Amino acid sequence: MDKTSNHCITRVEPPGEPSTSSEPATDFVFIESTTEKTQMKIESQGGQDSGLRDLHAPSTETNGSCPHPSECRENLPKKKKGIKGKLIDVFSNFPGGKKKLSLAENDRAETNNKPLTVEQIREHLDGDKFFQATRHLIALERALYSNLDGKNDEELSRDQSKVELLYEFLKNKVFNIIKNSIGLAPANPSLLVHAVDTIVEQEEEDEKYKSEKSPDKIVTHRPRKWREIWLDTVKQSITDRMKDTQHTSCAENLSATALCFLHMGKTMKEDMIIVVRHIKQCYPPQFHVCRTYAECYHNYFSSQLQLIADFELGDKDTYLLLTWVQNIYPNDIRKNSILVKELDDAKLGSLLPPKTIKQLETKYLCNEAASVRNWLAKSLEVEVKRWSEEREPEKLDGHFHSELAIDVIQTIHGGQKRAAEITPELAGQLSVILLMELSAFLKSYKKVLEEFKEKNKQHSYFKAMIIANINNCMSFRDHTEKTTTSAQDNEKVKILTTLSEIESSSYDVLLQDLIAELKPVFRKLTQSKWLSCSETMTEILQATSSHISEFETLRDPFYQAIVEKTHGHLVREYIVRLMKKKVSLKTPELQQNLSKLIVAHASLLQSFCKEKGSKATWLDSALPKLAEIIRLQDSSAIKIEVATLANAYPDISKKHLAAILYIKGNLPNNEAKSILSILDVSPKPTTSFETLFSAVRVS
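Everything numeric here is computed off the predicted structure, so don't read it as measured data. Once a new chain begins, its residue numbering starts again from 1 and follows that chain's sequence as written. Reporting of local features is limited, given that this is a predicted model, to residues whose pLDDT is at least 70; pairs of side-chain atoms are given and counted only at 80 or more, and all residues count toward the totals for whole chains, interfaces and linings. Each side-chain value is derived from all of the structure's non-hydrogen atoms; neither hydrogens nor water enter the calculation.

1. What about the overall build of the chain?
What counts, and what does not: Runs of E in the DSSP output that reach at least two residues are strands. Runs of H or I that reach at least four are helices, and both are numbered from the N terminus. Relative accessibility thresholds used throughout: buried, under 20% of the residue-type maximum; exposed, over 50%; partly exposed, between the two (1.4 Å probe, protein chains only). Every residue pair with non-hydrogen atoms within 4.5 Å of one another is taken to be in contact. Accessibility throughout is a Shrake-Rupley quantity obtained with a 1.4 Å probe, and a residue counts as covered only by protein chains that appear here.
From N to C terminus, the chain includes 27 helices and two strands. Sorting the 699 residues of the chain into buried and exposed places 48% on the buried side. Pairs at least 24 apart in sequence give 76% of the contacts found in the chain among residues at least 6 apart. Of the accessible surface of the chain, which amounts to about 35,200 Å², a share of 51% is contributed by carbon and sulfur atoms.

Encoded structure:
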C-alpha cells in the first residue's frame, strides 16, 4: 500500500463501494442513530463521569503500516473542541467539580492498576482505542460487581447503567466497523484490527465469567456473546451488499433476473478477494474468517437461486440459472486464482441440490430442442417461399447456392454452444437430441422438395433450384460427419440415407431431358446399318456434352456424381441395344467386325466421360468384355471370358448372357447352354458392389 500519511485510519466507503483510490481519504464517519442515542444517555447521567465529548469518528489517514491497536492513534493531532466541549471543561474545572484527566494522566492511572472512570474510558473510545477501552471497561465492570457492599439498589442500577451505556457505545462502533469491513479493510486495516481485538477480549471475558460462576446480578449482562453478534453482523452486511444492485452496471437488454445473478456473482467475487487479501490478516485463526465469509456469500446466493428455481421459469431464465450454477460460479468464481484455495477449504458445494439441477437440465433440454425445431421449421418455410419466386438462385464461387443449410446448421450449432456453456456433459446430451431433430427436419425437407419437383417443372429456373438444393446436401453431410460419434451411428445412417435419396432423386430429375433426347438416338444402333453408325455415336456424345455443361453449377462432388451417373446410363443404353436380339451374325468375320466396332465405341465413351470428370473406371471393361465374347469362336475361351465378366459384374444374369450369345448365330445350342452354366458356378460376392446389368431389361 502506498504511503500517504503518518497515521493509520482513513475514510471507509459505504457498503458496496470498495475504495480503490490512492488519494488521501476523508474522515470515516459512522452515522448510526443507536450511537447518538447512546451518547445522549451517557451525557444525561451527570455527575463526575458525565463530561463526555460530542460523538465523532476518527479523522486520520493510513500510512499502510499500522501498529498494535494500543499504539495506533498515539500520533494523532489534537482535535479542536466545540462549544459543547468547552462548556463541559468549564463545568468540569469549576470548584466542586472533578477535573477531566488528560490521556497522559489516564495512562498513569492505568499504570497504577486503578480502574478508569467512565469519562476516561470514553476518551479511549473517542480516540478509537477500542482494545484499551474494552480492557478498562472490563476492569471497571469487574470492580463494579466485586464491590457491592455499601451500595443500595439505586446506586448499583445507576452505575450499571453507565457501564452498559459505554458497552452499547463500544458495541455500536465496533460492529459498524465489522459491517463496513469490505470498504474499510483495504485502506484502514488497523481500525478493523482494533474492532476484532475488542471482540476477542469480550469473548475471553465471557469465558472467565462462566468459569468463575459470577453472582446472579452479573448474569444479566454476561455472556455478552459478541462472537455471535459478529457472525450476525457479517451475515447482515453480506445480505445488504448482495441485495444492493444499484452499484452493478446494467448491460443493454439485460433482464432483471440476469442483473440479479450478475450482481450477486460480481459482488461475491470482488468482496471475497478483499477478504482474502485484506481482511483475513486482521483476524486470529480461530475466526476462520475466509470460510465464514465464503459460507455467508454462498448461502445467500444459493437461497436466492433456490427461490428463483421454485418458480415456473421461462426458457431464458432456465438457461441463465443453469449457466451460473454449473459454469460461471464453479469456474469463474470458485476457481479464481486468488480465491481457489480458500473456497476449496470452505467446501461450499453446489449452489443448488443435484435433484433440482437435474430437473432444470431436463427442462432445458426440452426447451432447447423445441426452440431448435421451431427455428428449423421457419427456415424451411422461408426456403420454400423462395422457390416460388421466379428468380435464379444466387451463386457462390460459381455454384448455385441456398441459405437453408447455413441457417439450419447455425441454429443447431447455436443450441450446442449454449449447452456447452453450461457443461460439456449437457452439450453431449443435447447433441444426440439435435441429431434426431436434424434427421426429422431432412425428411420434411425431402418431402417438400419432391412436391416442388412434381409441381414446378415449368419454373423458369427449375434446374437451377434443384442444383441449389443438391448443393445443400454437402453442408448437411459435412456437419453430420464432423459432429457425430460412434454412439450416434444409427441417427447418422438415417441422415446420410435421407441425403442420398435427395441427391439421387434430384439427379434423376436433372437427367430426364438428356435421357429423353438420347432414347431415339440409341434406337439407331439396332438398325440394319449397325456397322456404319459412327454418326450415331457422335450425335450421342454431342447431346450428352450439351446437357452436362448445365451441371457445372453443381459443387464438385455432385458434379462428378452426375457425370458418373451419365456415364453409367450411356454404357447401359449401349448394352440394351446389343441385347435387343435384332442382329444375329452367322460368320466369324461379321462377329469380329462388330466386336471391333463395340471396342471402338467403348473407347469413345470412356474418353468422353473421363474428359467430363467421370472416375467410374469400373464401367470401362464392360463393353470390351462383351465384344470379346462376340469375337471368340472357341467355346472354352468364351467360357473363360464369361467367368471374368461375371466376376467383374456379378449382377449379370443368364438372360443377359443369352442375349449376347444370340448375336453369335453360328454357336450351337448345346455349347450355348454349356457357356450359360458358367454363371451357376461363378462365386457370389460377399460385399456390396456397383450394379450395371440389373437395370437392363431383357425380353
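2. Some words on the environment of E164
By the secondary structure assignment, E164 is in helix α6 (residues 153-179). Residue E164 is classed as buried on the basis of its relative accessible area of 18%. Taking the C-alpha atoms as reference points, E164 and L137, 27 residues apart in sequence, are found 9.6 Å from one another. Apart from the residues within four sequence positions on either side, E164 is in contact with Y145, H221 and R224.

3. Some words on a positive patch on the surface
In plain terms, the rule: Excluding any residue in a salt bridge, patches collect residues exceeding 30% relative accessible area, merging like charges within 9 Å and nonpolar Val, Leu, Ile, Met, Phe, Trp and Tyr side chains within 5 Å. Counted as salt bridges are all cases of a side-chain nitrogen of Lys or Arg within 4 Å of a carboxyl oxygen of Asp or Glu. None of His or the chain ends enter the tally, which takes Lys and Arg as positive and Asp and Glu as negative. Lysine's charge is taken at NZ, arginine's at CZ, aspartate's at CG and glutamate's at CD.
Taken together, the side chains of K519, R523, K580 and K582 make up a positively charged region of the molecular surface. Among the secondary structure elements, K519 is positioned in helix α19 (residues 489-523).

4. A short note on the pattern of salt bridges
Per the counting criterion, the structure on display carries 28 salt bridges. Residue E368 pairs with R418 through a salt bridge whose shortest N-O separation is 2.4 Å. With a gap of 50 residues between them, E368 in helix α15 (residues 354-387) and R418 in helix α16 (residues 404-420) connect regions that are remote in the sequence. For R418, a relative accessible area of 30% puts it in the partly exposed group. Here the salt bridges share partners, and the residues they tie into one network are E141, E164, D206, R222 and R224.

5. Details of the packing of helix α21 (residues 556-578) against helix α23 (residues 622-631)
How we decide: Lines fitted to C-alpha atoms define the axes here, with helix axes fitted over just the stretch in contact, and angles between the N-to-C directions of these axes take values from 0 to 180 degrees. We call two directions roughly parallel when the angle between them is under 35 degrees, roughly antiparallel when it is over 145, roughly perpendicular when it lies between 65 and 115, and oblique otherwise. A clockwise turn of the near helix away from the far one marks a right-handed crossing, whereas an anticlockwise turn of less than a right angle marks a left-handed crossing. Each residue receives one of three labels: charged for Asp, Glu, Lys and Arg, nonpolar for Ala, Val, Leu, Ile, Met, Phe, Trp, Tyr, Cys and Pro, and polar for the others, Gly being one of them.
Where α21 meets α23, the axes come as close as 10 Å, and the angle between the chain directions of the two elements is 20°. With respect to α23, the element α21 is oriented roughly parallel. Relative to α23, the crossing made by α21 is left-handed. Along the contact surface, α21 presents V571, Y574, I575 and L578, while α23 presents A622, L623 and L626. In the contact of α21 with α23, the residues fall into seven nonpolar, no polar and no charged.

6. Overview of the packing of aromatic side chains
Here is the rule we go by: Aromatic pairs are defined between Phe, Tyr and Trp rings, using the six-membered ring for Trp, whenever the two ring centres lie within 6.5 Å; interplanar angles under 30 degrees are classed as stacked, those over 60 as edge-to-face, and all others as tilted. Two limits define a charge over a ring: the Lys NZ or Arg CZ must be within 6 Å of the ring centre, and within 35 degrees of the ring normal.
Tallying each qualifying case throughout the model produces 15 aromatic pairs. Connected via pairs of aromatic rings, a cluster forms that spans Y167, F175 and W226. One Lys or Arg, R122, reaches over the ring of F169 and ends 4.2 Å from the middle of that ring. A cation sits over an aromatic face here: R227 above F287, 4.1 Å from the ring centre.

7. A short note on the environment of H278
Here H278 shows up in helix α11 (residues 256-279). Filtering out sequence-adjacent residues up to four positions away, H278 remains in contact with A185 and P186.

8. Remarks on the nonpolar core
To keep things clear, this is the line we draw: Residues belong to one nonpolar core when they are buried, are Ala, Val, Leu, Ile, Met, Phe, Trp, Tyr or Cys, and are joined through side-chain atoms within 4.5 Å.
Grouped together as the largest cluster of nonpolar side chains are 181 residues, with contacts concentrated most on I178, L192, I279, Y283, Y293, F441 and F476. Sort the elements by how many residues they give to this core and α19 lands first, with twelve residues. Discounting residues that sit within four places of it in the chain, Y283 has contacts with I178, L192, V196, W230 and V289.

9. With respect to unusual backbone geometry
Not every positive phi belongs to a glycine, and K347 is a case in point at roughly 50°. As for its placement among the helices and strands, K347 is situated in the loop between α14 (340-346) and α15. Unusually for a residue other than glycine, D397 sits at a positive phi of about 55°. One can find D397 in the loop between β1 (394-396) and β2 (399-401).

10. Considering the environment of E392
Tracing the backbone shows E392 in the loop between α15 and β1. Note: C-alpha distance between E392 and K463 (71 residues apart in sequence) is 9.8 Å.

11. Some thoughts on helix α24 (residues 635-648)
What counts is decided by this rule: Here a helix's expected span is defined as the number of its residues, less one, multiplied by 1.5 Å. This arc is built from the directions going out from the helix axis to the C-beta atoms. N or O atoms within 3.5 Å of each other form a polar contact, as long as, within protein, one can give a hydrogen and the other can take it, and as long as residues adjacent in sequence are counted only when both atoms are side-chain atoms.
Over its 14 residues, α24 extends 20 Å from the first C-alpha to the last, a length consistent with the 20 Å expected when each residue adds 1.5 Å. Listed as buried for α24 are S635, I638, E641, V642, L645 and A646. With its buried residues spanning 140° around the axis, α24 presents them on a single face. Opposite the packed face of α24, turned more than 90 degrees from it, sit the exposed residues I640 and N647. Packing partners of the buried residues in α24 comprise α23, α25 (654-663), α26 (669-676) and α27 (678-681). Residue D634 occupies the N-cap position of α24, its side-chain oxygen lying 3.3 Å from the main-chain nitrogen of S636.

12. Let's talk about α16
Compared with the 24 Å implied by 1.5 Å per residue over 17 residues, the 24 Å span of α16 between its first and last C-alpha is a close match. Taken residue by residue, α16 has L404, A405, V408, I409, T411, I412, G415, Q416 and A419 as its buried positions. Taken around the axis of α16, the buried residues stretch over an arc of 155°, which confines them to a single face. The exposed residues of α16 that point more than 90 degrees off its buried face are Q410 and K417. Buried residues in α16 make contact with α15, α17 (424-455) and α18 (462-483).

13. Some words on the packing of α17 against α19
Direction vectors running N to C along α17 and α19 enclose 15°, while the axes themselves pass 9 Å from each other. Of the possible angle classes, the one that applies to α17 and α19 is roughly parallel. In terms of crossing hand, the pair formed by α17 and α19 is left-handed. Every residue of α19 that contacts α17 at L435, M436, L438, S439, L442, K443, Y445, K446, L449, E450 and K453 is listed here: E491, K492, K494, I495, T498, L499, E501, I502, S505, S506 and V509. When grouped by side-chain class, the residues that make up the contact of α17 with α19 number ten nonpolar, four polar and eight charged.

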